[in-house]
Amino acid sequence: MPERTPPNPKNAHEREYWEGLARHQLLLQRCAGCRFVRYPPGLSCPECWGEAFTWQPLSGRGSVVSFVWYMRSLDRRFPEVPYNVSLVKLAEGPAIISNVLGVKFGELAVGNAVRAAYLDDRGFTALMFGKA
Ligand SMILES: [Zn+2]
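Residues numbered from 1 in each chain as written. Predicted model: local features only at pLDDT ≥ 70, side-chain atom pairs only at ≥ 80, totals over all residues.

What follows deals with the overall build of the chain. Summing up its helical and strand segments, the chain has 1 helix and 9 strands in all. Secondary structure of the chain in N-to-C order comes out as α-β-β-β-β-β-β-β-β-β. Relative to the compact-globule value of 14 Å for 132 residues, the chain shows a C-alpha radius of gyration of 15 Å, a close match. Among the 132 residues that make up the chain, the fraction classed as buried is 18%. In the chain, once contacts between residues fewer than 6 apart in sequence are set aside, the share between residues at least 24 apart is 49%. (Helix = DSSP H or I, 4+ residues; strand = E, 2+ residues; numbered from the N terminus. Rg over C-alpha atoms; globule rule 2.2 N^0.38 Å. Buried ≥ 20, exposed ≤ 12 C-beta atoms within 10 Å, placed from the backbone. Contact = placed C-beta atoms within 7 Å.)

Laid out in structure tokens, this is it:
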């Protein structure tokens, strides 16, 4: 399993996101002005520049838009190969780059339905995906 970089505690605007993941809940910011759901967490809306938002619980459902398989590890933090890095578009709109767990090489396809999975690892939880 790839090693993960822990979240930066200095990023206070991300705290609810990481705390949600720790509870195995996916929360993203929804703009109070235009209702846009954004990822990654930020200080203002990339659509309307509004700063007001609420934390929106999301379904965790999505589909694979694109992916690559790493056949050789070029980074000691990623010793197990092959592993995929996938672009997942969430049902609520945002696209997230992550990994789809539990699939072998050749078992992943564009359009696959996936759902959020939560990997508890060394003091924080990473957002991953698994086949739905
Ligand atoms: Zn907005």
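Further notes follow.
Core analysis: the largest hydrophobic core is formed by 16 residues, its most contacted members being L26, V88, V100, V114, L127 and F129. Among the secondary structure elements, those contributing two or more residues to this core are α1 (15-22), β5 (83-90), β8 (113-121) and β9 (124-131). The element that contributes the greatest number of residues to this core is β9, accounting for 4 residues. (Core = buried A, V, L, I, M, F, W, Y, C linked by C-beta atoms within 7 Å.)

Before going further, it helps to examine the pairing of strand β1 (residues 27-31). Here β1 pairs with strand β3 (residues 53-57) via 5 bridges, running antiparallel. By the bridge assignment, C31 is partnered in β3 with F53. With 2 bridges connecting them, β1 and strand β2 (residues 37-38) associate as antiparallel partners. Bridging across to β2, R30 finds its partner in V37. Here β1 folds back onto β2 in antiparallel fashion, the turn holding 5 residues, of which R35 has a positive phi close to 75°. (Pairing = 2+ DSSP bridges.)

Let us now look at the sheet that holds β1. Overall, antiparallel pairing links the 3 strands, which are arranged β2-β1-β3 in an open sheet. The sheet is open, and its two edges are formed by β2 and β3, each paired on a single side.

Among the secondary structure elements, R72 is positioned in the loop between β4 (61-70) and β5. Taking the C-alpha atoms as reference points, R72 and T54, separated by 18 residues in sequence, lie 41 Å from one another.

The next subject is the environment of W69. Checked against the element boundaries, W69 lands in strand β4. Setting aside anything within four residues of it in sequence, one finds W69 in contact with P82, N84 and F105.

The next point concerns unusual backbone geometry. The general pattern is negative phi for most residues beyond glycine and trans for most peptide bonds. The omega torsion of the bond from Y39 to P40 falls at 0°, within 30 degrees of zero and hence cis. The amide bond that connects V81 to the next residue, P82, takes the cis arrangement and shows omega of -5°. The phi torsion at H24 lies on the positive side, around 60°, for a residue other than glycine. Considering the arrangement of structural elements, one finds H24 in the loop between α1 and β1. Under the C-beta neighbour-count criterion, H24 is labelled partly exposed, with 13 such atoms within 10 Å. Look at R35: it is not a glycine, yet its phi comes out positive at around 75°. Of note, R35 is situated in the loop between β1 and β2.

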